[in-house]
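Each chain, letter by letter, is given below.
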Amino acid sequence: MIQFKRYRQIPVQISILITLFLSFAWIRWSHPPAPFTANYVMGFVISRAMLVTIILWMVFGFYGLSDFIKSKWRLLWAASLLVLLGWMTISQTWAFGLEDYSGLAPNAVLQFALVTLFAITVACASPPPRVIVSGLIISLVLHGIIGNLQVMRQSSIGLTAWGEIVLDPNKSGISVIQSGAVRWLRPYGLLPHPNIYAGVITVSLLSSIIWVLSDHKKRWIGMGVFGFGFWILLLTFSRGAWVGFAAGALFALPFMMRRANFWKRILPIIGLSVLVGIVFIAMFRPLLLSRVGVGEEGIELRSISDRLVYNQIARQAIIEYPFHGIGAGNFPWYASVYIFYNTDYDLRGDNVHNIYLGILSELGVIGFSLFTLTFSSPIIAALKQRDTERIALLAGVIAFAVIGLVDHYPMTLIHTQALWFSLLSVAISPQVTNSQA
């Protein structure tokens, strides 16, 4: 019995690691629920993996819960998550367009319920931060290779069974950078868009700094992984991910500086980053200029103008429904109705590319306040522990928070939402003690 109690966390922690690996791949079951249905999110393999993890945690006696509740900050975080989930649930009663798209709100609630329970499970089960960091680094290498091959071939590489979509730069709807007659395919990895791929690469790249600062041989492996990962991040041409990476690195810097020989180990990486950046600019200068807005390429101008339209629609929703919002997950339908009746734009309903405007418009001031609490309280708790692995994971949390200013996927997609909240969960998880046995 003693041995069982001592090792009962292992199945849960293995399940957590598998789930995080799945956050990098858009893998669905055969014959999944259709989009816009109440259980659409359950069509993804990662959703079932999260559910299995939660059940395992319950079966093995809510491992780690006793240590988790010792911190008032962790308790505040869990309570705010659950209250936010409750607010999202009751928002279904006033969801905009409920009679037309009744599946949007229930699906959003179901997704957040899975993420909330999974995040609390992760925080209680306390998977070692170094193991999670190593898992992210391995994912960076594997998925970096996939993305690099897609760019080299300028097409998909035959991994559709693992989530890869069919990629053809000449096909409408595929994300490319255009400069003159050149249409350059951006890497997708096993995800449905290069920006999402760039996001998961960003948090993994920030974790690789731990290996760079290591005292062991893996320092040299870490340097190689970082150089390769930084190259892949540049190849995504994701402006939001670039800024998010910079923000995460700046956040981690003052904490990482406390390690012995920090500058001796970090200066070669800075030099490597500069070298990789120079090579990238030399090879892709016309495409880079197009991406940053120099010139008049229609693809880039359309991308910017569309985002401005959805931002304006979100502001209108906030003005109309400031207190309770338009209901969880309902912004795409609200935007569709607004565009149809108030504009002549050739656009469909979509998420606003700013998670903060999205939360305010869907859940109102109350929901936004709860969301703010779910991130402020755990960051305070995590900073009290201050070991570098947790700081690296927090850097990924900060990167996603900054990316959320210009993109919606950290909150709207089950894969990235689970990854984002899980990084925070591991960062605030208690140290494993004998009291958990």
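Residues numbered from 1 in each chain as written. Predicted model: local features only at pLDDT ≥ 70, side-chain atom pairs only at ≥ 80, totals over all residues. Heavy atoms only, no water.

In this section: a nonpolar patch on the surface. Taken together, the side chains of Leu250, Leu253, Met257, Trp263, Leu267, Ile270, Val274 and Ile278 make up a nonpolar region of the molecular surface, amounting to roughly 760 Å² of accessible area. For the nonpolar patch, the secondary-structure elements that each account for two or more residues are helix H11 (239-256) and helix H12 (262-291). For the nonpolar patch, the leading source of residues is H12, giving 5 residues. (Patch = residues over 30% accessible without salt bridge, like charges linked within 9 Å, V, L, I, M, F, W, Y side chains within 5 Å. Areas by Shrake-Rupley, 256 points an atom, 1.4 Å probe, with all protein chains shown as cover. Salt bridge = Lys/Arg side-chain N within 4 Å of Asp/Glu carboxyl O. Helix = DSSP H or I, 4+ residues; strand = E, 2+ residues; numbered from the N terminus.)

In this section: unusual backbone geometry. Even without being glycine, His31 reaches a positive phi, approximately 55 degrees. In this structure, His31 sits in the loop between helix H2 (9-22) and helix H3 (45-59).

A word on the pairing of strand E2 (residues 182-185). Of the pairings in the sheet, the one linking strand E1 (residues 176-179) to E2 comprises 4 bridges and is antiparallel in character. Paired with Ser179 across the two strands is Val182, which belongs to E2. Counting the residues between successive antiparallel strands, the hairpin from E1 to E2 contains 2 residues, one of them, Gly180, with a positive phi of roughly 65 degrees. (Pairing = 2+ DSSP bridges.)

Evaluation of the coordinates by the stated rule reveals 30 aromatic pairs. Judged by centre distance (5.5 Å) and plane angle (85 degrees), the rings of Tyr40 and Phe44 are edge-to-face. With a relative accessible area of 2%, Phe44 lands in the buried category. Their ring planes at 75 degrees and their centres at 5.4 Å tell us that Phe375 and Phe421 sit as a pair that is edge-to-face. In this pair, Phe375 sits in helix H15 (residues 355-383) while Phe421 sits in helix H18 (residues 414-428), placing the two residues 46 residues apart along the sequence. Per residue, the accessibility class of Phe375 equals that of Phe421, and both read buried. These aromatic residues form a ring-pair network of at least three members: Phe112, Tyr356, Phe371, Phe375, Phe400, Tyr409, Trp420 and Phe421. (Phe/Tyr/Trp six-rings, centres within 6.5 Å; stacked < 30°, edge-to-face > 60°. Buried < 20%, exposed > 50% of the residue type's maximum accessible area, 1.4 Å probe, protein only.)

An ideal rise of 1.5 Å per residue puts 44 Å on 30 residues; H12 reaches only 35 Å between its terminal C-alpha atoms. A maximum bend of about 90 degrees is found in H12 at Phe284, where proline Pro286 lies one to four positions downstream. (Expected span 1.5 Å × (residues − 1). Bend = angle between axes of the 7 residues up to and from the residue.)

Right, let's get into the side chain of Ser207. Along the chain, Ser207 turns up in helix H8 (residues 194-207). Apart from the residues lying within four places of it in its own chain, the contact partners of Ser207 are Val133, Leu136, Ile137, Ala392 and Leu393. (Contact = heavy atoms within 4.5 Å.)

Here we come to the nonpolar core. Counting residues in each nonpolar core, the largest one holds 122 residues, and the members touching the most others are Trp77, Trp420 and Phe421. With 13 residues, helix H6 (residues 104-125) is the largest single contributor of residues to this core. Setting aside anything within four residues of it in sequence, one finds Trp420 in contact with Ile355, Phe371, Phe375, Val397, Phe400, Ala401, Pro410 and Met411. One finds Val309, Tyr310, Ile326 and Ile339 within the second-largest nonpolar core, a separate group that totals 14 residues. (Core = buried A, V, L, I, M, F, W, Y, C linked by side-chain atoms within 4.5 Å.)

You can see Ser369 is positioned in helix H15. Look at Ser369 and you get partly exposed, because its relative accessible area is 42%. Residues Ser369 and Ser80 lie 289 residues apart in sequence; the distance between their C-alpha atoms is 9.5 Å.

Angle between the axes and distance between the axes: these two values describe a pair of packed helices. Where H8 meets H11, the closest approach of the two axes is 9 Å, and the angle between their N-to-C directions is 20 degrees. Here H8 lies roughly parallel to H11, going by the angle between them. Like other packed secondary-structure pairs, H8 and H11 cross with a definite hand, here right-handed. Mapping the contact onto sequence places Ala198, Gly199, Thr202, Leu205 and Leu206 in H8 and Ala241, Gly244, Phe245, Gly248 and Ala249 in H11. Across the contact of H8 with H11, the residue classes tally to 6 nonpolar, 4 polar and no charged. (Axes fitted to C-alpha atoms, helices over the stretch in contact; angles between N-to-C directions. Parallel < 35°, antiparallel > 145°, perpendicular 65-115°, else oblique. Left-handed = near helix turned anticlockwise from the far one by under 90°. Nonpolar A, V, L, I, M, F, W, Y, C, P; charged D, E, K, R; others polar.)

This part takes up the confidence of the model for the protein. Here the protein shows a mean pLDDT of 88. Residues at 70 or above account for 92%. Scored below 50 in pLDDT, residues 433-437 makes 15 contacts in the model with residues more than four places away or belonging to other chains. (pLDDT = per-residue confidence, 0-100.)

So, on to the environment of Leu424. Here Leu424 shows up in helix H18. For the pair Leu424 and Gly240, spaced 184 residues apart in sequence, the C-alpha to C-alpha distance is 20 Å. Setting aside residues up to four positions removed in sequence, Leu424 forms contacts with Trp77, Thr374, Phe375, Pro378, Ile379, Leu394 and Val397.

Take a positive patch on the surface next. A contiguous patch of positive charge, built from Lys72, Arg258, Lys384 and Arg386, is present on the exposed surface. Here Lys384 shows up in the loop between H15 and helix H16 (388-403). (Lys, Arg positive; Asp, Glu negative; His and termini not counted. Charge placed at Lys NZ, Arg CZ, Asp CG, Glu CD.)

A few words on the side chain of Thr116. Locating Thr116 in the fold gives a position in helix H6. The class for Thr116 is buried, based on a relative accessible area of 0%. Setting aside residues up to four positions removed in sequence, Thr116 forms contacts with Leu81 and Leu82.

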